[in-house]
Amino acid sequence: MRHLITTKDFSNDEILALFKEAKEFLDEKPRTFLEGKSVTTIFFENSTRTQSSFETAARRLGAKVLKLDVSRSSSSKGETLFDTAANLDAMAPNAIVVRHKNSGVPHTLANYTHCPIVNGGDGKHAHPTQALLDLFTIMEHFDYNIKGKKIAIVGDIKNSRVAASNLELLPRFGIDITLVAPPHFMPNYPINKTNKLKEVIEDIDIIMSLRTQTERHNIPTYASLKDYANDFCISKNLIKDKNLIILHPGPVHRNIDISDEVMADKRCKVLTQVKNGVAIRMAVLKKLILES
Ligand code: CP
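As a starting point, this report considers the structure included with it. All of these numbers come straight from a predicted model, not from anything done at the bench.

For the rest of this paragraph, the subject is the overall build of the protein chain. Scanning the protein chain from terminus to terminus reveals 11 helices and 9 strands. Radius of gyration (C-alpha) of the protein chain: 19 Å, near the 19 Å computed for a compact globule of 292 residues. For the protein chain, the C-alpha atoms occupy an extent of roughly 55 × 45 × 35 Å along the three principal directions. Within the protein chain, the fraction of its 292 residues that count as buried is 55%. In the protein chain, the proportion of contacts linking residues at least 24 apart, taken out of those at least 6 apart, comes to 74%. Surface summary for the protein chain: the accessible area is close to 13,400 Å², and the carbon and sulfur share equals 48%.

Further remarks concern the site of the ligand. Inspection of the region around the ligand gives S47, T48, R49, T50, R99, H127, Q130, P249 and G250 as its neighbouring residues. Take T50: an N or O atom from its side chain is 2.7 Å from an oxygen atom of the ligand. Alone, the ligand offers 250 Å² of accessible surface; in the complex the protein occludes 91% of this. Residue classes in the shell around the ligand are distributed as 1 nonpolar, 6 polar and 2 charged.

A few words on the pairing of strand β1 (residues 38-43). Extensive coverage of β1 is indicated by the burial of 5 of its 6 residues. Where β1 meets strand β2 (residues 64-68), 5 bridges bridge the pair, whose relative direction is parallel. In the strand pairing of β2, T41 is matched with K67. The handedness of the β1 to β2 crossover, carried by helix α2 (residues 49-60), is right-handed. Relative to strand β3 (residues 95-100), β1 runs parallel, the two sharing 5 bridges. In the sheet register, T41 faces β3, and the bridge partner there is V97.

This next bit is on helix α8 (residues 225-232). Helical geometry: 3.6 residues make up each α-helical turn, so side chains three or four residues apart lie on a common side. Taken together, the buried positions of α8 are occupied by Y228, A229 and F232. Axial view of α8: buried residues confined to an arc of 100°, hence all on one face. Away from the buried face of α8 by more than 90 degrees, exposed residues K226 and N230 are located. As for α8, its buried residues are in contact with β5 (150-154), β6 (176-180) and α7 (197-200).

So, about the packing of aromatic side chains. According to the stated counting rule, one finds 5 aromatic pairs in the structure shown. An aromatic cluster of at least three residues, connected via ring pairs, comprises F185, Y228 and F232. The ring of F54 carries the charged tip of R281 above its face, separated from the ring centre by 5.0 Å. Over the ring of F10 we find K287; its NZ or CZ atom is 5.6 Å from the centre of that ring.

Rules and cut-offs
- Residues numbered from 1 in each chain as written.
- Predicted model: local features only at pLDDT ≥ 70, side-chain atom pairs only at ≥ 80, totals over all residues.
- Heavy atoms only, no water.
- Helix = DSSP H or I, 4+ residues; strand = E, 2+ residues; numbered from the N terminus.
- Rg over C-alpha atoms; globule rule 2.2 N^0.38 Å.
- Buried < 20%, exposed > 50% of the residue type's maximum accessible area, 1.4 Å probe, protein only.
- Contact = heavy atoms within 4.5 Å.
- Areas by Shrake-Rupley, 256 points an atom, 1.4 Å probe, with all protein chains shown as cover.
- Near = heavy atom within 4 Å.
- Polar contact = N/O pair within 3.5 Å; in protein donor to acceptor, adjacent residues only side chain to side chain.
- Nonpolar A, V, L, I, M, F, W, Y, C, P; charged D, E, K, R; others polar.
- Pairing = 2+ DSSP bridges.
- Right-handed = clockwise from strand over helix to strand, strands pointing away.
- Arc of directions from axis to C-beta.
- Phe/Tyr/Trp six-rings, centres within 6.5 Å; stacked < 30°, edge-to-face > 60°.
- Lys NZ or Arg CZ within 6 Å of the ring centre and 35° of its normal.

Geometric values such as these leave the question of function open.
Written out as structure tokens, the structure is:
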């Protein structure tokens with residue numbers, strides 16, 4: 001049984017094969033590969049993009065979707081996470097997509113269930129399909145010539161599962177990463193680091209801006225997000241007319257992470273990432289379900 005818990009679960013060859021398939025799925029036409037199959041989504045943490053993207057992907061492949069509304073589930077009556085998962089598993093879905101605020105939950109659930117588990121984001125640990133769609137967006141933009149491209153990952157890197165998954169994945173495909181963050185958002189990671197965005201901008205092909213994950217901060221780290229924005233917001237004044245692209249996993253804090261003006265700039269690929277995410281999740285669900 002294959003699961004997708006971290007990006008390490010797929011080899012580079014498997015990822016390139018997924019991208020080949022995802023490229024075809026960009027036509028947004030319905031397919032029948034998963035007719036008669038079902039996909040269950042359990043999101044214990046809020047989501048706009050990931051949950052709807054997986055559900056759109058499953059339906060576009062012909063699968064049925066069961067979405068557990070956690071706020072109305074028996075979790076509020078004291079049922080454990082594992083019993084919730086075991087009960088949904090007893091209904092024989094062909095895959096379960098799970099998000100949880102605690103790192104490691106999807107990995108543990110994989111020992112309790114009889115179908116592939118797909119990690120929709122666990123704590124600060126991993127968000128594998130986000131990193132896959134980020135890499136796919138970069139590949140598509142640069143026509144698959146990405147070796148040696150330089151990316152600045154900017155913001156609350158220490159608390160970001162998106163950054164963690166990209167830190168694992170992007171170097172495998174030859175992308176050079178610089179981390180740009182204030183000291184309290186900087187992880188202990190042995191690669192290029194700076195807290196001066198202006199100093200690296202000349203040398204960068206891709207900016208990945210990240211949201212300040214205030215829900216994961218034990219203590220407030222900035223007196224005001226405006227102070228943070230002064231140093232780290234991606235503004236027109238910063239990027240000028242440079243030939244680069246801007247990514248963000250969402251949700252975007254406008255004028256804190258990225259300015260309104262840059263959000264409207266054609267170099268900003270935020271909505272392209274969302275479109276690509278459905279195609280990537282179609283390829284992932286098809287692979288995991290049909291290979292099980
Ligand atoms: N990128 C992402 O995980 O967004 P959501 O939290 O809206 O799913």
